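Overview (structure and organization)
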Amino acid sequence: MQENIDSLNTLENLKGQYRTKTAKVNERITTEEENIRRQLDKERLPKKILNTEEWNKRVTQYLYSINIWDISFLNYNMKIEKSFNNKGSIYSTQLFFLDEEMKKIAQSYGIDNEWDLFTIMLDYQSMKKGHAIIQDKNFIIAWNKANTLGHLDKIFQNEQNRLDYQGTYAAFQYVKKHIGERLSTTTKGNEEELVWKDFDKKKIIVTENLAPIASYILTQRNQIPGARVFVNNGGLSRTTKKKKECSPTYVQKRLIDAIAFGTTIEKLQQQNYEDTKQLIYLPKK
């Protein structure tokens, strides 16, 4: 009997030691992942040159002037690459309901969720079917604002939104970084021209060199277990084999747009693809 008791005690001690070691290993893995995640996020932070207050004001004004859906790869990420977000796709009505003040406007008309608002907007856009809320000036102003990069910036100040839409948050960080850096180079010049400088020329270079660029991104991504690219993640391996004479697919065009948007023509001409590492993020599980 005593031998059985001693065996049980030994077994329990071994179990306890195992649980302790497992906890320490998991803690170390979690810490390492957080360090990698912070480093990847840091890559998407703009390097500011102008006075901080002046720079913030200029960037914020520009973000509120740009429609989210005009950024092709961000649009694709939000609507199609839904697996990248814990809560799936993200549309205009969701953006509207993620803001408490905007939500109150909808609720004042008895609209309590994003799907009811979606139906109303769809009916209006497709059949010109009216609704009282569409005549409300405050709603019109709020709706237009909800579809801007500035509003996306606002809702991502909330940590839960960043967790719910991790892929889109990474894509937005990437967009904001480039905009911030372009607008920090000079106080002069048209913002639109500064942000989109050489974009078409960059797209041509990226298209011609898409396979080797994709290979570079794939190599960088695969060095980080669990990492993703916020656009064309699943098709990245196939893109490395794309032949120059073949036209890019729809999703490859979105990848081309993303790469061209976030780098300079000088780097592309030098075959320097380091900026593409900013496409990579490590989601929290």
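Residues numbered from 1 in each chain as written. Predicted model: local features only at pLDDT ≥ 70, side-chain atom pairs only at ≥ 80, totals over all residues. Heavy atoms only, no water.

Notes on helix α12 (residues 199-208)
- Taken residue by residue, α12 has Phe199, Lys202, Ile205 and Val206 as its buried positions. Seen along its axis, α12 keeps its buried residues to an arc of 120°; they face one direction. In α12, those exposed residues whose orientation departs by more than 90 degrees from the buried face are Asp200, Lys201 and Ile204.
- On its buried side, α12 packs onto α10 (166-184), α13 (210-222), α15 (250-261) and α16 (265-269). (Buried < 20%, exposed > 50% of the residue type's maximum accessible area, 1.4 Å probe, protein only. Helix = DSSP H or I, 4+ residues; strand = E, 2+ residues; numbered from the N terminus. Arc of directions from axis to C-beta. Contact = heavy atoms within 4.5 Å.)

Focus on the layout of surface pockets
- A volume near 300 Å³ is recorded for the second largest pocket.
- The wall of the second largest pocket is formed by 14 residues, among which Gln94, Phe97, Leu98, Asp99 and Asn161 lie closest to the centre.
- At the level of elements, α4 (92-97), α5 (100-107), α8 (149-155) and α9 (159-164) are the ones that each hand at least two residues to the lining of the second largest pocket.
- Its residues placed into classes, the lining of the second largest pocket shows four nonpolar, three polar and seven charged. (1 Å grid on protein atoms, 1.4 Å probe; cavity = no way out; pocket = protein on both sides within 12 Å on 5 of 7 lines; lining within 4 Å. Points joined across faces, edges and corners; volume = space filled by probe spheres on them. Nonpolar A, V, L, I, M, F, W, Y, C, P; charged D, E, K, R; others polar.)

Some points on the environment of tryptophan 55
- Considering the arrangement of structural elements, one finds tryptophan 55 in helix α2 (residues 52-63).
- Separated by 128 residues in the primary sequence, tryptophan 55 and leucine 183 place their C-alpha atoms 7.5 Å from one another.
- At a separation of 2.9 Å, a polar atom in the side chain of tryptophan 55 contacts the main-chain carbonyl oxygen of glycine 180. (Polar contact = N/O pair within 3.5 Å; in protein donor to acceptor, adjacent residues only side chain to side chain.)

Some words on the side chain of arginine 221
- Mapped onto the secondary structure, arginine 221 falls in helix α13.
- Classification of arginine 221 as buried rests on a relative accessible area of 14%.
- At 3.0 Å, the side chain of arginine 221 and the side chain of asparagine 222 are in polar contact.
- If sequence neighbours within four positions are ignored, arginine 221 has contacts with Ala227, Arg228, Val229, Asn233, Leu236 and Ile280.

Re the packing of α2 against α10
- Contact pair α2 / α10: the axes reach a minimum separation of 10 Å and the direction vectors enclose 125°. Taken together, the axes of α2 and α10 lie oblique to each other. Viewed along their axes, α2 and α10 form a crossing whose handedness is right-handed. Counting all contacts with α2, which are made through Trp55, Arg58, Val59, Tyr62 and Leu63, the residues of α10 involved are Lys176, Ile179, Gly180, Leu183 and Ser184.
- Counted by class, the contact of α2 with α10 contains six nonpolar, two polar and two charged residues. (Axes fitted to C-alpha atoms, helices over the stretch in contact; angles between N-to-C directions. Parallel < 35°, antiparallel > 145°, perpendicular 65-115°, else oblique. Left-handed = near helix turned anticlockwise from the far one by under 90°.)

Points about the nonpolar core
- Core analysis: the biggest nonpolar cluster contains 58 residues, and Leu149, Leu152, Ile179, Phe230 and Leu279 have the highest contact counts within it.
- If we skip the residues at most four places from it in the chain, phenylalanine 230 touches Phe73, Asn77, Glu81, Phe84, Gly167, Ala170, Ala171, Tyr174, Gln278, Leu279 and Tyr281.
- Residues Phe97, Ile120, Ile133 and Ala142 belong to the second largest nonpolar core, which totals 15 residues. (Core = buried A, V, L, I, M, F, W, Y, C linked by side-chain atoms within 4.5 Å.)

Some points on the packing of aromatic side chains
- By the definition in use, this model includes 15 aromatic pairs.
- Relative to tryptophan 143, the ring of phenylalanine 96 has its centre 6.1 Å away and its plane inclined at 40°; by these criteria the two rings are tilted. In this pair, phenylalanine 96 sits in helix α4 while tryptophan 143 sits in helix α7 (residues 137-146), placing the two residues 47 residues apart along the sequence.
- In this structure phenylalanine 96 comes out as buried when scored by relative accessible area, which is 0%.
- Taking NZ or CZ as reference, lysine 145 lies 5.9 Å from the ring centre of tyrosine 64, over its face. (Phe/Tyr/Trp six-rings, centres within 6.5 Å; stacked < 30°, edge-to-face > 60°. Lys NZ or Arg CZ within 6 Å of the ring centre and 35° of its normal.)

Details of the pattern of salt bridges
- For the coordinates displayed, the defined rule picks out twelve salt bridges.
- Ionic pairing is found between aspartate 257 and lysine 203, a salt bridge with its closest N-O pair at 3.4 Å. Of this pair, aspartate 257 sits in helix α15 while lysine 203 sits in helix α12, placing them 54 residues apart in sequence.
- Its salt-bridge partner being aspartate 275, residue lysine 267 comes within 3.1 Å of it at the nearest N-O pair.
- Residue lysine 267 is classed as partly exposed on the basis of its relative accessible area of 22%.
- Overall, aspartate 275 belongs to the buried group, its relative accessible area being 13%.
- Connected through salt bridges with shared partners, the residues Lys203, Arg254 and Asp257 form a single ionic network. (Salt bridge = Lys/Arg side-chain N within 4 Å of Asp/Glu carboxyl O.)

Interpretation in functional terms is not warranted from these geometric data alone.
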